[in-house]
Amino acid sequence: MLINKLRVDGFRNINNTTIEFGDIVSLVGLNNYGKSNFIDSLDFAQKFIKYPSVSKRKLMKSEKNLPINIKMASRDFIFEIEYSTRFGGHEIFVIYEFSFEWIKAENKGCRIKSETLKLKEEGNVKYYKYITRKWSEGFYKSSTTGRTNTKINIDDDELIINKLQKHDTLYYLAIINELNQIKFDLNNYSDTSLAFEFFPFEMNRESVYDLNKQFGQNINKVIFHLKQNYPDKYELLINSFISLVPNIEMIEPVSSELTSESEEKAVLRLENDSDDLPFKIVDTVYSIRVKESQNNQTTNIEYLSNGSRRIFLLLTSAIVADIKNISLIAFEELENCVHPYLFQGLIITLSEIITDCRILVTSHSPYLIQYLDLKNIYLGIPYSDGIGQFKKVKKSAHRVILRNAREEGISVGDYIFNILIESKLDNSLLLSYVGG
């Protein structure tokens, strides 16, 4: 799944924002204008697609996510994704969209309103509908020669793509399954104080490459298994990190057993463990040893600076993206804890590490703009009514922005942020630079 476009509307203060993807795309804006809200909307959308009906109903009642802005209070939630994939030996282009009503007064609302799936093969101009829906009336295409007129019984809290997973003979089932397994990886890791430390519990059914999203405290185990099972990716990670933090001479993951019980007792204990438990007590401790050029011995990686630890976490999440079949990886406030000198190198390294995955970053720093092409930058528009919307810098405005920044003797990033700050009072100049 190679994502080409995402659109979100009606989530918190996010107003009809469409992002077209290139190599690395960035949402840039002042604080409190919707960058984190847009990232959260993507996580919300993937959960809504995957979760069962009872959980979907709870999500449609989610008070922290529904739009309460005066201009958006009655807005439906809309999510649309456009991507390309391989199917039947051909490249297929996919557009999938759904919308629902948030909970309303007197316990009304909470209904899926629309759902559409459109496909086209490479070389074709026209998309063909394979799923269409209005409220609880839904239809799908059941054969290669038929029309999209096979009726499907669907509830208000159920998506058609969820129900079609049970149709084993459906000829485009691979596309349906791909949508149901959509994976966005949303990272922050601004606080690395708990990362790399020993944690005595781990969640059952957790993939060994699932980094903890809040603090990344299971990264030691991830790195150990990465070296064992994917040595090429491990070497890429280590070399990438050392290139950004050159005072590091060596990195080595190690493990230690916590118990000395016999093999028979260990097998008996594992057989008696219940898979229904949400977590289990670990029996192996993992750590990462590093050698810095100025030190005469190795130390635990947790003794590195917060910025260095964050870089290592970000690079690790990028490395495992391919292993986990991630379609989109997002990094919030990439510049936090990272020295401006390393910023450009980090961006280049991330783009080289990640292959079949899109990268989305948010920033409130002018440094990021200096290192990205203007065509991949979306600016948060400071509207006085508080709605959040991101718009792409128009191609026709690129030369104007570069010329004006040069004439003022400042960087492009500083010039754009000056415009963003001034736009809090008058956004007419900013709007002349962005698309409609």
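Residues numbered from 1 in each chain as written. Predicted model: local features only at pLDDT ≥ 70, side-chain atom pairs only at ≥ 80, totals over all residues. Heavy atoms only, no water.

Caption draft 1: Up close: the environment of Leu315. Note that Leu315 resides in helix 8 (residues 306–323). Taking the C-alpha atoms as reference points, Leu315 and Ile354, 39 residues apart in sequence, are found 9.5 Å from one another. Among residues more than four places away in sequence, those in contact with Leu315 are Leu237, Ser240, Phe241, Leu244, Leu346, Thr349, Leu350 and Ile353. (Helix = DSSP H or I, 4+ residues; strand = E, 2+ residues; numbered from the N terminus. Contact = heavy atoms within 4.5 Å.)

Caption draft 2: Representation of the packing of helix 6 (residues 231–244) against helix 9 (residues 340–353) within the structure. With their axes 10 Å apart at the nearest point, helix 6 and helix 9 run at an angle of 165° to one another. When the axes of helix 6 and helix 9 are compared, the pair comes out roughly antiparallel. The chirality of how helix 6 crosses helix 9 is right-handed. Counting all contacts with helix 6, which are made through Leu236, Ser240 and Leu244, the residues of helix 9 involved are Leu342, Gly345, Leu346, Thr349 and Ile353. Across the contact of helix 6 with helix 9, the residue classes tally to 5 nonpolar, 3 polar and no charged. (Axes fitted to C-alpha atoms, helices over the stretch in contact; angles between N-to-C directions. Parallel < 35°, antiparallel > 145°, perpendicular 65-115°, else oblique. Left-handed = near helix turned anticlockwise from the far one by under 90°. Nonpolar A, V, L, I, M, F, W, Y, C, P; charged D, E, K, R; others polar.)

Caption draft 3: Representation of the side chain of Asn15 in the model. Position of Asn15 relative to the elements: it lies in the loop between strand 1 (2–9) and strand 2 (17–20). With residues up to four places along the chain from it excluded, the contact list for Asn15 reads Val8, Asp9, Met72, Arg75, Ile387, Gly388 and Gln389.

Caption draft 4: Local environment of the packing of helix 6 against helix 8. Following both chains from N to C, one finds helix 6 and helix 8 inclined at 150°, their axes separated by 10 Å at the closest point. In terms of their interaxial angle, helix 6 and helix 8 are classed as roughly antiparallel. Like other packed secondary-structure pairs, helix 6 and helix 8 cross with a definite hand, here right-handed. Side by side, helix 6 and helix 8 meet where Lys233, Leu236, Leu237, Ile238, Ser240, Phe241 and Leu244 of the first sit next to Ser308, Ile311, Phe312, Leu315, Thr316, Ile319, Asp322 and Ile323 of the second.

Caption draft 5: The arrangement of helix 11 (residues 398–408) in detail. For helix 11, every residue scored as buried is listed here: His398, Ile401, Asn404 and Ala405. Seen along its axis, helix 11 keeps its buried residues to an arc of 140°; they face one direction. Turned more than 90 degrees off the buried face of helix 11, the exposed positions are Arg399, Arg406 and Glu407. Against the buried residues of helix 11 lie helix 12 (412–422) and helix 13 (428–433). Phi for Gly409, located one or two positions after helix 11, is positive at around 70°. (Buried < 20%, exposed > 50% of the residue type's maximum accessible area, 1.4 Å probe, protein only. Arc of directions from axis to C-beta.)

Caption draft 6: Representation of the sheet that holds strand 1 in the model. Pairing in this open sheet of 8 strands is antiparallel, and the strands run 2-1-4-5-6-7-8-9 from one edge to the other. Pairing within the sheet leaves two strands with one partner each, and these edge strands are strand 2 and strand 9 (150–153). Taking the axes of each pair of neighbouring strands and ignoring which way they run, one obtains an average angle of 15° across the sheet. Running at roughly 130° to strand 4 (residues 77–87), helix 4 (residues 173–180) makes contact with strand 4, strand 5 (90–101), strand 6 (111–121) and strand 7 (128–134) of the sheet. (Pairing = 2+ DSSP bridges.)

Caption draft 7: Region of the structure containing the pattern of salt bridges. Counted according to the given criterion, the structure contains 17 salt bridges. Between Lys233 and Asp322 there is a salt bridge whose closest N-O contact spans 3.8 Å. Of this pair, Lys233 sits in helix 6 while Asp322 sits in helix 8; the two residues are 89 residues apart in sequence, bridging distant segments of the chain. Overall, Lys233 belongs to the partly exposed group, its relative accessible area being 24%. Given a relative accessible area of 25%, Asp322 falls into the partly exposed group. (Salt bridge = Lys/Arg side-chain N within 4 Å of Asp/Glu carboxyl O.)

Caption draft 8: The arrangement of the packing of aromatic side chains in detail. Applying the stated criterion across every chain, the model contains 21 aromatic pairs. Judged by centre distance (4.8 Å) and plane angle (20°), the rings of Phe48 and Phe100 are stacked. Of this pair, Phe48 sits in helix 1 (residues 35–50) while Phe100 sits in strand 5, placing them 52 residues apart in sequence. Each member of the pair, Phe48 as well as Phe100, is classed as buried. Linked through ring pairs, Phe11, Phe44, Phe48, Phe77, Phe79, Tyr96, Phe98, Phe100, Trp102 and Phe184 together constitute an aromatic cluster. (Phe/Tyr/Trp six-rings, centres within 6.5 Å; stacked < 30°, edge-to-face > 60°.)

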